[in-house]
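Reading the structure
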Amino acid sequence: MRKDKILCKSLKTVETLGAVSVICTKTGTLTKNNMWVTECAIGCLDMSPRQAIDRQITANSKLLSNTAVYQLQSVASLCNSGEFDVTTSRLPLEQRKITGDATDQAVLRFAQTLGSVAEARAMWNKRYELPFNSKNKLMISVFSLRKSTGR
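Residues numbered from 1 in each chain as written. Predicted model: local features only at pLDDT ≥ 70, side-chain atom pairs only at ≥ 80, totals over all residues. Heavy atoms only, no water.

**Some thoughts on the environment of Ala106**
Structurally, the position occupied by Ala106 is in helix 4 (residues 102-114). C-alpha separation for the pair Ala106 and Val37, spaced 69 residues apart in sequence, amounts to 5.8 Å. Contact partners of Ala106, with chain neighbours within four places excluded, come to Met35, Trp36 and Val37. (Helix = DSSP H or I, 4+ residues; strand = E, 2+ residues; numbered from the N terminus. Contact = heavy atoms within 4.5 Å.)

Pasting the structure below:
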């Protein structure tokens, strides 16, 4: 990193970058802290966010309420520390402010395109959470169903 004239302010940054195998960026992703979901996967099926939305619309039209895309939306809504700023709730989704890191913001926006994050969160009680950290490289969230109706 020194050879490339990169100055890291903390050892944690070096440790985290050491665990990274791929960095994907476009203009503004790293410099403006804006990230967007560009691909998702359910099992062996890779798809774009648009394809996931289309699958969700198709499921809704067939009155299917427990599809893999619904489950993806629930996980993206629940296992996320991002929060929408209520003062920007009337703005288009891409302009709404979200508190949280760039990854949580991107995943939360994606979840909202698939369905209501507020509805998903209202259905579940968080019982336990072990936040993500660079040492474990995982997070754990445990939820229990709050109400039996809905998806």
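From this point, the discussion proceeds with the structure in view.
**Considerations on the packing of helix 3 (residues 68-78) against helix 4**
Between helix 3 and helix 4, whose axes approach to 8 Å, the crossing angle comes to 140 degrees. Regarding the angle of helix 3 to helix 4, the classification is oblique. Judged by the sense of rotation from one axis to the other, the crossing of helix 3 with helix 4 is left-handed. Counted together, Val69, Leu72, Gln73, Ala76 and Ser77 of helix 3 and Val107, Phe110, Ala111 and Leu114 of helix 4 form the full contact between these two elements. Tallied by class, residues from the contact of helix 3 with helix 4 come to seven nonpolar, two polar and no charged. (Axes fitted to C-alpha atoms, helices over the stretch in contact; angles between N-to-C directions. Parallel < 35°, antiparallel > 145°, perpendicular 65-115°, else oblique. Left-handed = near helix turned anticlockwise from the far one by under 90°. Nonpolar A, V, L, I, M, F, W, Y, C, P; charged D, E, K, R; others polar.)

**Digging into a nonpolar patch on the surface**
Side chains of Tyr128, Leu138, Ile140 and Val142 sit close together on the surface and give an oily, nonpolar patch of about 340 Å² of accessible area. Turning to its location among the elements, Val142 is positioned in strand 6 (residues 140-145). Its relative accessible area of 38% is what places Val142 among the partly exposed residues. (Patch = residues over 30% accessible without salt bridge, like charges linked within 9 Å, V, L, I, M, F, W, Y side chains within 5 Å. Areas by Shrake-Rupley, 256 points an atom, 1.4 Å probe, with all protein chains shown as cover. Salt bridge = Lys/Arg side-chain N within 4 Å of Asp/Glu carboxyl O. Buried < 20%, exposed > 50% of the residue type's maximum accessible area, 1.4 Å probe, protein only.)

**Some points on the environment of Val69**
With respect to the secondary-structure elements, Val69 resides in helix 3. Along the primary structure Val69 and Leu114 are separated by 45 residues, whereas in three dimensions their C-alpha atoms are 7.8 Å apart. Ignoring sequence-local partners within four residues, the contact set of Val69 consists of Ile42, Ala52, Arg55, Gln56 and Leu114.

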